Amino acid sequence: MSKDSKVSQFQNFDFDGNDSWKNYLEGVEISSASKDSLISKLKAKWYKKEIDPDFEIEWVTGARPATQPTSNPSRPSSTYTPSSSSSSS
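Our subject in this report is the structure included herewith.

**A look at the packing of helix α2 (residues 19-26) against helix α3 (residues 35-50)**
(1) Moving on: For the pair α2 and α3, interaxial distance at closest approach is 11 Å and the crossing angle is 130°. Here α3 runs oblique to α2, going by the angle between their axes. Classified by chirality, the crossing of α3 by α2 is right-handed. Contacts between α2 and α3 involve S20, W21, Y24 and L25 from the first element and I39, L42, K43, W46 and E50 from the second.

**Here's the deal with the environment of S40**
(1) Moving on: Looking at the secondary structure, you find S40 in helix α3.
(2) Moving on: Residues S40 and I57 lie 17 residues apart in sequence; the distance between their C-alpha atoms is 9.8 Å.
(3) Moving on: Leaving out residues up to four positions away in the same chain, S40 has contacts with F10 and T61.

**Some points on the nonpolar core**
(1) Moving on: V7, F10, F15, W21, I39, L42, A44, W46, Y47, F55 and I57 form the largest nonpolar core, which has 11 residues in total.
(2) Moving on: In terms of residue count, α3 provides more of this core than any other element does, 5 residues in total.
(3) Moving on: Excluding residues within four positions of it along the chain, F15 makes contact with F10, W21, K22, K43, W46 and Y47.

**A word on the side chain of N18**
(1) Moving on: With respect to the secondary-structure elements, N18 resides in the loop between α1 (3-12) and α2.
(2) Moving on: On the accessibility criterion, N18 (18% relative accessible area) is buried.
(3) Moving on: When sequence neighbours within four positions are dropped, the list of residues in contact with N18 reads F13 and W46.

**Some remarks on the packing of aromatic side chains**
(1) Moving on: Taken as a whole and judged by the stated rule, the model has 13 aromatic pairs.
(2) Moving on: Measuring from ring centre to ring centre gives 5.4 Å for F13 and Y47, while their planes differ by 75°; the resulting arrangement is edge-to-face. Of this pair, F13 sits in the loop between α1 and α2 while Y47 sits in helix α3; the two residues are 34 residues apart in sequence, bridging distant segments of the chain.
(3) Moving on: Classification of F13 by relative accessible area gives partly exposed; the value is 21%.
(4) Moving on: A relative accessible area of 3% means that Y47 is categorised as buried.
(5) Moving on: On the basis of an interplanar angle of 65° and a centroid distance of 5.6 Å, the ring pair of W21 and W46 is categorised as edge-to-face. You can see W21 sitting in helix α2 and its partner W46 sitting in helix α3, a full 25 residues away along the chain.
(6) Moving on: Take W21: its relative accessible area is 2%, and that puts it in the buried class.
(7) Moving on: Here the aromatic residues F10, F13, F15, W21, Y24, W46, Y47, F55 and W59 are joined through ring pairs into a cluster of three or more.

What counts, and at which threshold
Residues numbered from 1 in each chain as written. Predicted model: local features only at pLDDT ≥ 70, side-chain atom pairs only at ≥ 80, totals over all residues. Heavy atoms only, no water. Axes fitted to C-alpha atoms, helices over the stretch in contact; angles between N-to-C directions. Helix = DSSP H or I, 4+ residues; strand = E, 2+ residues; numbered from the N terminus. Parallel < 35°, antiparallel > 145°, perpendicular 65-115°, else oblique. Left-handed = near helix turned anticlockwise from the far one by under 90°. Contact = heavy atoms within 4.5 Å. Core = buried A, V, L, I, M, F, W, Y, C linked by side-chain atoms within 4.5 Å. Buried < 20%, exposed > 50% of the residue type's maximum accessible area, 1.4 Å probe, protein only. Phe/Tyr/Trp six-rings, centres within 6.5 Å; stacked < 30°, edge-to-face > 60°.

Next comes the structure, spelled out in structure tokens:
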């Protein structure tokens, strides 16, 4: 199934009529400041988990897909050797 058809299915899904979605949403605390964007993201996450595991959240939220963590360049590797200028006497 294409990305466009999956997005269309998501957009046409009856969230208001789905008891599982309503139960899920009742358990989430949402501040009014970011309510609309947060609900859109929650819908996409819930839809992927409960309805279509092939659905990609970023298709409708604009979020970047999650990636596997890579090594942090600001952290020294296990073979890190301090420079001689920082050695103690």
